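# Summary of structural features
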Amino acid sequence: MEMASRARLYCGGVAAGYVCYALYRRWSRGVPLRGAAVVISGASAGIGRALCLQLAALPGVRVVGLARRGDKLEELADEIKKRHASEKAASTSNSSSSNPSNSIPPPEFLPVICDVTREGEVAALPKIVRARWGPESGVDVLVNNAGMSRHDSALLDGNPASWAAMLNVNVLAPALLTRVVVADLRERISRGEKEKEK
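Residues numbered from 1 in each chain as written. Predicted model: local features only at pLDDT ≥ 70, side-chain atom pairs only at ≥ 80, totals over all residues. Heavy atoms only, no water.

## Remarks on the confidence of the model for the chain
We apply this condition: pLDDT expresses, on a scale from 0 to 100, how confident the predictor is about each individual residue. Under the scheme used here, helices are H or I runs from DSSP no shorter than 4 residues and strands are E runs no shorter than 2 residues, and both carry numbers assigned from the N terminus. Only heavy atoms enter the contact rule, under which two residues are in contact if any of them lie within 4.5 Å.
When the pLDDT values of the chain are averaged, the result is 82; 79% of them are 70 or greater. Here helix 1 (residues 3-28) is the element of the chain with the lowest mean pLDDT, 48, and helix 4 (residues 119-123) is the one with the highest, 97. Segment residues 1-14: pLDDT under 50, and five contacts once partners within four positions in sequence are set aside and those in other chains are kept.

Structure representation (structure tokens):
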């Protein structure tokens, strides 16, 4: 394996471990993760894929993986299912089958084909999450992970089309995702406050 690929795999594992640790710390302080929906952009490869694998293994965490390539999302969903099956088999063989508390709940993973540079596709995310997990659900955690670089993007002799593509993915897409998620959070908070007043 090429050295750069090894470094990316290692960095992906470290970043995934850090985000999972941060979410675990949140949970250990009493902030519930069960039922929390985590959206991860760039889920088809690298850090995004590693995060999806790690978070889908946490009981009750709802993981929404965003990527443009449906085939890669299907591979990721299959990998999550295989890992769950092997964990469940190991858990069953290591414990008594008469104890139902040892059962590992199935992962809640939702693969979504989405080009994060397209405003219409990004704007549909809260509706997609509610369609899967009910009208009270929404995005609780956003990991803006999608990114790209081009080899022909140097300042003095680069291709302006590459600059535009990189700005779209690396700057505008995270802004679009953040805007949609924050608007949805505000709306859910407002709705919850109105229900408390009743």
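## Description of the side chain of His84
Checked against the element boundaries, His84 lands in helix 3 (residues 70-94). For His84, the residues in contact, after removing those within four places along its chain, are Ile104, Pro105, Pro106 and Pro107.

## A look at the pattern of salt bridges
Condition: Every case where a carboxyl oxygen of Asp or Glu lies within 4 Å of a side-chain nitrogen of Lys or Arg is listed as a salt bridge.
Counted according to the given criterion, the structure contains 12 salt bridges. Here the residues in one salt-bridge network are Arg130, Asp140, Asp184 and Arg188, joined through shared partners.

## Some points on empty space enclosed by the protein
Put simply, the rule is: Only protein atoms enter the 1 Å grid used here. Points where a 1.4 Å probe fits but cannot escape make up a cavity, open sets with protein on both sides within 12 Å along at least five of seven lines make up a pocket, and a residue lines them when an atom lies within 4 Å of a point. Grid points are joined across faces, edges and corners, and a volume is the space filled by probe spheres set on the points. Residues were grouped as follows: Ala, Val, Leu, Ile, Met, Phe, Trp, Tyr, Cys and Pro as nonpolar; Asp, Glu, Lys and Arg as charged; and all remaining residues, including Gly, as polar.
By the definition in use, this model includes one cavity of 30 Å³ or more. Taken as a whole, the largest cavity encloses approximately 140 Å³ of empty space. Around the largest cavity, the lining is made up of 16 residues, and of these Ala56, Ala57, His84, Glu87 and Pro107 lie nearest the centre. When residues of the lining of the largest cavity are traced back to their parent elements, those giving at least two are helix 2 (46-56) and helix 3. Ranked by residue count, the leading element in the lining of the largest cavity is helix 3, at four residues. Grouping the constituent residues of the lining of the largest cavity by class yields 11 nonpolar, two polar and three charged.

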